[in-house]
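# Structural characterization, general
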Amino acid sequence: MSIYDEKPWLQHYDPGVKRTLEPYPDVPLQKFLQDAAMQHPEHPALITDAVLPVLGHVPATLTYGELNAQADALACALIGLGLRKGDTVALVMPNVAQFAISYYGVLKAGGVVAATNPTYPPDKLAFQINDCDAKIVITLTLFYNVIKQIQPKTQLTTVIATNLKEALSAPARVLFTLAKEKKGGHRLEALASGDHWLADLLQRYAGQKPNVTVKGSDLALFQYTGGTTGVSKAAMAQHRALVANTLQAVAWTTVSEGELADKDRSQFVYLGALPLFHVFGLLVMLSQAMSTGARIVLVPNPRDVDALVEIIAHYQPNVFLGVPAMFNAVNNHARVKSGEVRFGSVWIAQSGAAPLPPTTKKEFEAAGAKLLYEGYGMSEMPTATHNNPIIGVNKVGTVGMPLPDVECKIVSLDDGVTEMPVGEIGEIIMRGPNMMTGYYKMPTETANTLRLHGGKHWVYSGDIGCMDADGYFTIVDRKKDMALIGGFNVYPNTVEKALKEHPAVLEVGVAAVPHETKEGQETLKAWIVLKEGASLSTDELIKHCETRLAPYEVPRRFSFIKELPKSTVGKTLRRELVLMEMSDRERPMAD
């Protein structure tokens, strides 16, 4: 028996955290919502905030009973539109109440959800919507014209549209209609033939319930991820896997000692800033809140830090799940730095998706939060697999220990089989009740990731790490060349391809380099070789990229050079580009 089979981490679990949750219920994910709606139908589930002149905060509340009933109605509508069990529905929305209604409506109809980033450029949206074989998409009116533009490139037959204002309180809806709807691009005078308004469907099918049997073994989610090549892949998750991970996440903070032990989880207020189109927000935030009857204050645009801090100040959230860039942004906001806004209400704060800088953790806790701990997960194990403890030793720089029933090992980078001794690095492999079933329509990639080890299938993460004697894991490096910008995976190949489309560019290399001022964060840089006689400015390149890439994929730092460093077979050596950058930074100091 190896050290990993002994699971040393179990000896360091917090008091009250179960070592195993088996057997897991074989139920569909929507069972959490249905149970909450039955137990306390009038309890708030989703809060949509609006700040109005004179009136101040005027929130709109969707209760558990209302959310469940509207999801039922939408499920019936989708079936009426021809949705069959196992069909995919694409969601193109930020964090709005309609997202949750649509998500659970699709699941109740027996469909599979494919949520995509609404800020993607048209070609990237078209690829994902077409790749998942969606024939129906539900979107905000803000993105309706883009969806219609790409529809001929996809299999879409029906677009269901909803206006942002439909989730607002009555006073806020009036003001939005007068001041923001047309100016902000939300107003649609009419839909194309064959398309539908979400509000009309909900009204038409109100009070009806779908007659569909959804089992734990049915597919629930396509979560798009990427490999080292940057090719998007849809990780397929069954209902039972999402149910299991929801219960694992809840169990991790169900401690029997300390301040949290006596808290009523149904009274928790979640800060809904993590994007729901990302599995971190969709599962660890939305599903966990639904399973405990908690409420979520939705944040459609977390990059608006002024609005984010105001929501924190007003609603006093107890659970703050985010990425390092988000925690760093609120830490450095003037109202927080002055002490006007404190985080004393935050009992649970978890950071994921990127390494958490120690200074960010320290500053967030200094502003009143009980604890900011780092965790780890991936779309192929949707989604949480590791966390630091709430009460026990919080080892800064580690991602903590495997959650209940998650098995984890470090294997040799050379053969992928030999299990590495404590403290030595290798590839992280995992298995558990929350494993994906594979990548949709990609058997080769599935075989590369889901591999046999010791007679069982494991997810080979592609991440390099090590484990200490207590069972805490540390991520040493990530997939080769992949960058993490603002919590999102960014692939240099994608950025290079966009830059190469500019007629003045001969060659280009893109790599992630350490951010000059934000400790522990990365930023993109592009090295450009121009065609002979051509000239080009940084601003022109940025504008060129903004029409082809998501905002976080657009590089803001450029160098114009004569030639790229290449291998003997002509491949650009990105590591040499990074060394060039670091050398350039040191040169003024040396001079």
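What comes next concerns the included structure. Here the residue numbering is sequential within each chain, running from 1 through the sequence in written order. Given that this is a predicted model, residues contribute local features only at a pLDDT of at least 70 and side-chain atom pairs are listed and counted only at 80 or more, while totals for whole chains, interfaces and linings are drawn from all residues. Excluded from the side-chain calculations are hydrogens and water; all other atoms, namely the structure's heavy atoms, are used.

### Considering helix α2 (residues 64–80)
Heads up, the rule is: A run of H or I in DSSP counts as a helix once it spans at least four residues, and a run of E counts as a strand once it spans at least two, with each numbered from the N terminus. The span you would expect from a helix comes to 1.5 Å times its residue count less one. Partly exposed describes any residue whose relative accessible area lies between the buried limit of under 20% and the exposed limit of over 50%, with all areas from a 1.4 Å probe on protein chains only and scaled to the type maximum.
Look at α2: 24 Å from first C-alpha to last across 17 residues, which is about the 24 Å you get at 1.5 Å a residue. Buried within α2 are the following residues: Tyr64, Leu67, Asn68, Ala71, Asp72, Ala73, Leu74, Ala75, Cys76, Ala77 and Leu78. Of the residues trailing α2, glycine 82 is marked for its positive phi of about 105°.

### What to know about the pattern of salt bridges
To keep it simple, the criterion reads: Salt bridges, as used here, are contacts in which a Lys or Arg side-chain nitrogen is within 4 Å of a carboxyl oxygen on Asp or Glu.
Within this structure, the stated rule accounts for 27 salt bridges. A salt bridge links aspartate 26 to arginine 240; its shortest N-O distance comes to 3.3 Å. Of this pair, aspartate 26 sits in the segment before α1 (31–39) while arginine 240 sits in helix α8 (residues 239–252), placing them 214 residues apart in sequence. Owing to a relative accessible area of 48%, aspartate 26 belongs among the partly exposed residues under this scheme. Classification of arginine 240 by relative accessible area gives partly exposed; the value is 34%. In this structure, lysine 165 and glutamate 181 form a salt bridge, with 3.2 Å as the shortest nitrogen-oxygen distance. Here glutamate 181 lies in the loop between α6 (170–179) and β9 (196–197) and lysine 165 lies in the loop between β8 (158–162) and α6, a separation of 16 residues in the sequence. Judged on exposure class, the residue lysine 165 and its partner glutamate 181 are both buried. Residues participating in the shared-partner salt-bridge network are Asp5, Lys409 and Glu419.

### Some thoughts on helix α11 (residues 324–331)
For the record, the criterion: In this description, contact between two residues means that some pair of their heavy atoms is separated by no more than 4.5 Å.
Within α11, 6 of the 8 residues are buried, which leaves the element mostly enclosed by the surrounding structure. Along α11, the residues classified as buried are Pro324, Met326, Phe327, Asn328, Val330 and Asn331. If you follow the buried residues of α11, they end up packed against α10 (305–315), β14 (319–322), α12 (334–337), β15 (348–351), α13 (358–366) and β16 (372–377).

### A closer look at the packing of α8 against helix α9 (residues 279–292)
Threshold: All axes are obtained by fitting lines to C-alpha atoms, using only the stretch in contact for helices, and the reported angles, taken between N-to-C directions, cover 0 to 180 degrees. Each angle gets one of four labels, with under 35 degrees taken as roughly parallel, over 145 as roughly antiparallel, 65 to 115 as roughly perpendicular, and the rest as oblique.
Packing of α8 against α9 brings their axes to within 9 Å, and their N-to-C directions diverge by 80°. Looking at the two axes, α8 sits roughly perpendicular to α9. Mapping the contact onto sequence places Leu242, Asn245, Thr246, Ala249 and Val250 in α8 and Leu283, Ser287, Gln288, Ser291 and Thr292 in α9.

### Some words on the sheet that holds strand β4 (residues 60–63)
We count it as follows: Strands qualify as paired when DSSP identifies two bridges or more between them.
The 9 strands are arranged β4-β1-β13-β12-β14-β15-β16-β17-β18 in an open sheet whose pairing can be described as mixed. Edge positions in the sheet fall to β4 and β18 (401–402), since each has one partner strand and no second. Of the strand pairs in this sheet, β16 and strand β17 (residues 384–387) are connected by 3 bridges, and their pairing is antiparallel. Bridge pairing links glycine 375 to asparagine 387 in β17. Together, β1 (44–48), β12 (269–272), β13 (295–298), β14, β15 and β17 form the strand contacts of α9, whose direction differs from that of β12 by roughly 160°.

### What to know about unusual backbone geometry
Here glutamate 22 and proline 23 are connected by a cis peptide whose omega angle stands at -5°. Relative to the helices and strands, proline 23 is located in the segment before α1. For the peptide bond that leads from proline 382 to threonine 383, omega is -15°, which places it in the cis range. Within the secondary structure, threonine 383 sits in the loop between β16 and β17. At aspartate 405, a residue that is not glycine, the phi angle is positive and equals roughly 70°.

### Observations concerning the sheet that holds strand β29 (residues 557–560)
Pairing within the open sheet is mixed, and its 3 strands lie in the order β27-β28-β29. A strand with exactly one partner marks an edge of an open sheet, and here the two such strands are β27 (505–514) and β29. Shown here is a sheet whose adjacent strand axes are inclined to one another by a mean of 25°, direction ignored. Pairing between strand β28 (residues 522–530) and β29: 4 bridges, direction parallel. Each bridged residue has a counterpart across the sheet, and for lysine 525 the counterpart in β29 is arginine 557. Each of β27, β28 and β29 is contacted by helix α15 (residues 492–500), which is oriented at about 145° to β27, the strand it contacts most. Together, β27, β28 and β29 form the strand contacts of helix α16 (residues 538–546), whose direction differs from that of β29 by roughly 125°.

### Topic: the side chain of glutamate 496
Locating glutamate 496 in the fold gives a position in helix α15. Residue glutamate 496 is classed as buried on the basis of its relative accessible area of 7%. With residues near it in sequence (within four places) discarded, glutamate 496 still touches Val508, Gly509, Val510 and Arg574.

### Describing the side chain of histidine 453
Residue position: histidine 453 is located in strand β22 (residues 450–453). With relative accessibility at 9%, the residue histidine 453 sits in the buried group. Excluding its chain neighbours within four sequence positions, the residues that come into contact with histidine 453 are Lys409, Val411, Gly416, Val417, Glu419, Ile429, Trp458 and Tyr460.

### Here we look at the nonpolar core
Soluble globular proteins: nonpolar side chains tend toward being buried together. Spelled out, the test is: By convention a nonpolar core is built from buried Ala, Val, Leu, Ile, Met, Phe, Trp, Tyr and Cys residues, the set being connected through side-chain atoms within 4.5 Å.
Ranked by size, the top nonpolar core spans 176 residues in total, and within it Leu46, Phe99, Tyr103, Met290, Phe320, Phe364 and Leu499 carry the most contacts. Apart from the residues within four sequence positions on either side, phenylalanine 320 is in contact with Leu271, Ile312, Met326, Phe327, Val330, Val346, Ile348, Ala349, Gln350 and Phe364.

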